[in-house]
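Descriptive structure summary
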Amino acid sequence: MLGGIEAGGTKFVLAVGASPYEIAARHVIPTRDPATTLADAADWFERQGRLSALGIASFGPVVLDRASPRWGQITTTPKPGWSGCSLAGFFERRLQVPVGFETDVNAAALAEFGARESGENNSLAYVTVGTGIGGGLVIGGVPVHGVAHPEMGHMIPRRHPGDRVFDGVCPHHGDCLEGLASGPAITARWGMSLSELPSNHAAHEIVAFYLAQLCHTLFAMTAVPIIVLGGGVMQTDGLLGRVRQHASLLDRGYLPGSHCQRIETPKLGEDSGITGALILARNA
Ligand code: ZN
């Protein structure tokens, strides 16, 4: 039996299953301090029976280098108590099983990739647009890491002609993509979420304009055949279509085919991350 954890800033999703795409049981716990949260999670897994491996899809930033003594740790997060927390180490010791560890978005990319696998396409990008903007990239069936994991939400977009004044909310960069188009950026600027704003409000075009730049950049830089856009903001009616439109406008017919139509919603709905965690367990 495989175990999976999607570790988020507000909740931990736990699941077990015989294989990644067959979740047999799941449980959600609120994220509190590390000691309480991790002990609760371990208790739940112990009640499910004997695990063969555990996969953790974690919020970041995290250390993914298996050779590092800090592998499996969360590094610097504003979330009190969590900086330096060794997620993987805790569960290795407590549950005595092999542990796989990845970012939540790389795990989601693995799961969405696996849900589509067709032989000729061997890569996919997954981007979540919610409390933050994060992206995972699978190339050749393998999640991409460098010295760290991709931080594509912090790319600096061209500003929309009708949106020159807002400074952006990213504490590091101000008007990076996350600073302009994440859920908190939208609320900071317009006082409510995108789905609460009327459909003719300029916010819809502005947010789509920014997200399309990430899509265009991903297509241009990595030639991924598919980009999956998930997260709470993407559930706004009509947003996917607007992003496709703006990506197509940016591209001006340069890239081959109707690639902008291959900007998609998650096939696994809200289960991309937890399914990815179970894939990490299988691989471990
Ligand atoms: Zn930023």
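As the structure is a prediction and not an experimental result, all values here were calculated from the model.

1. Side note on the domain arrangement of the protein
What the domain assignment lists for the protein is domain 1 (2-106 + 270-283) and domain 2 (116-266). Approximately 840 Å² of surface area, both sides summed, lies buried where domain 1 meets domain 2, with 58% of it carried by carbon and sulfur atoms. Counting across the domain 1 and domain 2 interface gives 4 residue pairs in polar contact (both at pLDDT 80 or more). Within the residue set of the side of domain 1 that touches domain 2, elements represented by two or more residues are strand S5 (99-103) and helix H3 (104-116).

2. Section: the coordination of the zinc ion
Within the protein, the atoms that donate to the zinc ion are His154 (ND1), Cys170 (SG), His173 (ND1) and Cys176 (SG), at distances of 2.1 to 2.4 Å. Bound by 4 donor atoms, the zinc ion shows angles of 101 to 120° at the metal and therefore tetrahedral coordination geometry. Within one chain, the residues serving as donors to the zinc ion are arranged as H-x15-C-x2-H-x2-C. One end of the pair, His154, is in the loop between strand S8 (142-143) and helix H4 (177-181); the other, Cys176, is in the loop between S8 and H4, with 22 residues separating them in the sequence. Among the residues examined, Cys176 registers a relative accessible area of 0% and is labelled buried.

3. Overview of the sheet that holds strand S10 (residues 263-264)
With mixed pairing, 5 strands are arranged side by side in an open sheet as S8-S7-S6-S9-S10. The open sheet has two edge strands, S8 and S10, and neither has a second partner. Pairing analysis gives 7 bridges linking strand S6 (residues 123-129) to strand S7 (residues 133-139), with the strands arranged antiparallel. Along S7, the bridge assignment pairs Val129 with Ile133. Sheet strands in contact with H3 are S6, S7, S8, strand S9 (227-230) and S10, and its direction is about 50° off that of S7.

4. Considerations on the sheet that holds strand S4 (residues 53-58)
Strand order in the open sheet formed by 5 strands is S3-S2-S1-S4-S5, with mixed pairing between adjacent strands. Strand pairing shows two members of the sheet lacking a second neighbour, strand S3 (22-30) and S5, which therefore form its edges. For this sheet, the mean angle separating the axes of adjacent strands, direction not counted, is 15°. Sheet topology note: the S4/S5 ladder contains 5 bridges and is parallel. Looking at the pairing, Leu54 lines up with Val99 of S5. On the sheet, helix H2 (residues 87-95) packs against strand S1 (2-7), strand S2 (11-19), S4 and S5 and is oriented at approximately 160° with respect to S4.

5. Focus on the packing of helix H1 (residues 34-48) against H2
The N-to-C vectors of H1 and H2 enclose an angle of 40°; their axes lie 11 Å apart at closest approach. Taken together, the axes of H1 and H2 are oblique relative to one another. Crossing hand, H1 versus H2: right-handed. Here Leu38, Ala39, Ala41, Ala42, Asp43, Phe45 and Glu46 of H1 lie close against H2, whose contacting residues are Leu87, Phe90, Phe91, Arg94 and Leu95.

Rules of the game
Residues numbered from 1 in each chain as written. Predicted model: local features only at pLDDT ≥ 70, side-chain atom pairs only at ≥ 80, totals over all residues. Heavy atoms only, no water. Domains from an automatic or database assignment. Buried area = accessible area lost by both parts, 1.4 Å probe. Polar contact = N/O pair within 3.5 Å; in protein donor to acceptor, adjacent residues only side chain to side chain. Helix = DSSP H or I, 4+ residues; strand = E, 2+ residues; numbered from the N terminus. Donors = N, O, S within 2.8 Å, 3.2 Å for Na, K, Ca; no water. Tetrahedral: all angles 85-135°; square planar, octahedral: opposite > 155°, others 65-115°. Buried < 20%, exposed > 50% of the residue type's maximum accessible area, 1.4 Å probe, protein only. Pairing = 2+ DSSP bridges. Contact = heavy atoms within 4.5 Å. Axes fitted to C-alpha atoms, helices over the stretch in contact; angles between N-to-C directions. Parallel < 35°, antiparallel > 145°, perpendicular 65-115°, else oblique. Left-handed = near helix turned anticlockwise from the far one by under 90°.

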